[in-house]
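# Structure at a glance
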Amino acid sequence: MDQLKAISRNAVVCRNGSPGDVSLFTLVADGVLTALVVYVDDILVTSSCLESILKVKAYLHDLFTIKDLGDAKFFLGLELTRTSLGFLFVPTQVCRGHC
């Protein structure tokens, strides 16, 4: 809980999208954007700051039992590939040509 208090002092937490969209949450703290995407029992945490990701994961772990699966490779039917410019999102083989 101390981690959340430390984050919240200089943070703005938003639920993005339409009023019915409760799957994307953003946190802006000290000029760093951290995003959480929630789908059923999966949570994707991303940020340009590793420390921010670690704080969010530690906070979630204090609330729930979570398992860190490491860097995301697939999410919501997309293959995530890290490049020198960021992430490349590619539809998976199952979805290509059928979505």
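Look up a bit, the structure's there.
Residues numbered from 1 in each chain as written. Predicted model: local features only at pLDDT ≥ 70, side-chain atom pairs only at ≥ 80, totals over all residues. Heavy atoms only, no water.

In this section: the overall build of the protein chain. On a plain count of helices and strands, the protein chain comes out with 2 helices and 7 strands. With 99 residues in all, the protein chain has 18% of them scored as buried. When the accessible area of the protein chain is evaluated, it comes to approximately 7,500 Å², of which 61% is carbon and sulfur surface. (Helix = DSSP H or I, 4+ residues; strand = E, 2+ residues; numbered from the N terminus. Buried < 20%, exposed > 50% of the residue type's maximum accessible area, 1.4 Å probe, protein only. Areas by Shrake-Rupley, 256 points an atom, 1.4 Å probe, with all protein chains shown as cover.)

This part takes up the sheet that holds strand β7 (residues 86-91). Reading across from one edge, β5-β6-β7 is the order of the 3 strands in this open sheet, with antiparallel pairing throughout. In this open sheet, the two strands that pair with only one neighbour each are β5 (74-75) and β7. Bridge analysis of β5 against strand β6 (residues 78-83) gives 2 bridges, and the strand direction is antiparallel. What sits directly across from phenylalanine 75, in β6, is leucine 78. (Pairing = 2+ DSSP bridges.)

A few words on the pairing of β7. Sheet topology places β6 next to β7; 6 bridges connect them, and they run antiparallel. Following the sheet pairing, leucine 78 is matched in β7 by proline 91. Here β6 folds back onto β7 in antiparallel fashion, the turn holding 2 residues.

Tallying each qualifying case throughout the model produces 2 salt bridges. Linking glutamate 51 and lysine 55 is a salt bridge whose minimum nitrogen-to-oxygen distance equals 3.3 Å. Taken as a pair, glutamate 51 and lysine 55 lie in helix α2 (residues 50-63) at a separation of 4 residues, close to a single helical turn. Residue lysine 55 is classed as partly exposed on the basis of its relative accessible area, which comes to 34%. (Salt bridge = Lys/Arg side-chain N within 4 Å of Asp/Glu carboxyl O.)

Core analysis: the biggest nonpolar cluster contains 6 residues, these being Leu27, Leu36, Val45, Ile53, Val56 and Leu60. Broken down by element, this core gets its largest block of residues, 3 residues, from α2. Not counting residues within four places of it along the chain, the set of residues in contact with valine 56 comprises Leu27, Thr34, Leu36 and Val45. (Core = buried A, V, L, I, M, F, W, Y, C linked by side-chain atoms within 4.5 Å. Contact = heavy atoms within 4.5 Å.)

Another point: the side chain of serine 52. As for its placement among the helices and strands, serine 52 is situated in helix α2. Under the relative-accessibility criterion, serine 52 is labelled buried at 14%. Leaving out residues up to four positions away in the same chain, serine 52 has contacts with Val32, Thr34 and Ser47.

Here we take up α2. Taking 1.5 Å as the rise per residue, α2 with 14 residues should run 20 Å; its terminal C-alpha atoms sit 20 Å apart, in good agreement. Considered for burial, the residues of α2 that qualify are Ser52, Ile53, Val56, Tyr59 and Leu60. Down the axis of α2, the buried side of the element spans an arc of 130°, and every buried residue falls inside it. Away from the buried face of α2 by more than 90 degrees, exposed residues Leu50 and Asp62 are located. (Expected span 1.5 Å × (residues − 1). Arc of directions from axis to C-beta.)

Worth remembering: the numbers are spatial, not functional.
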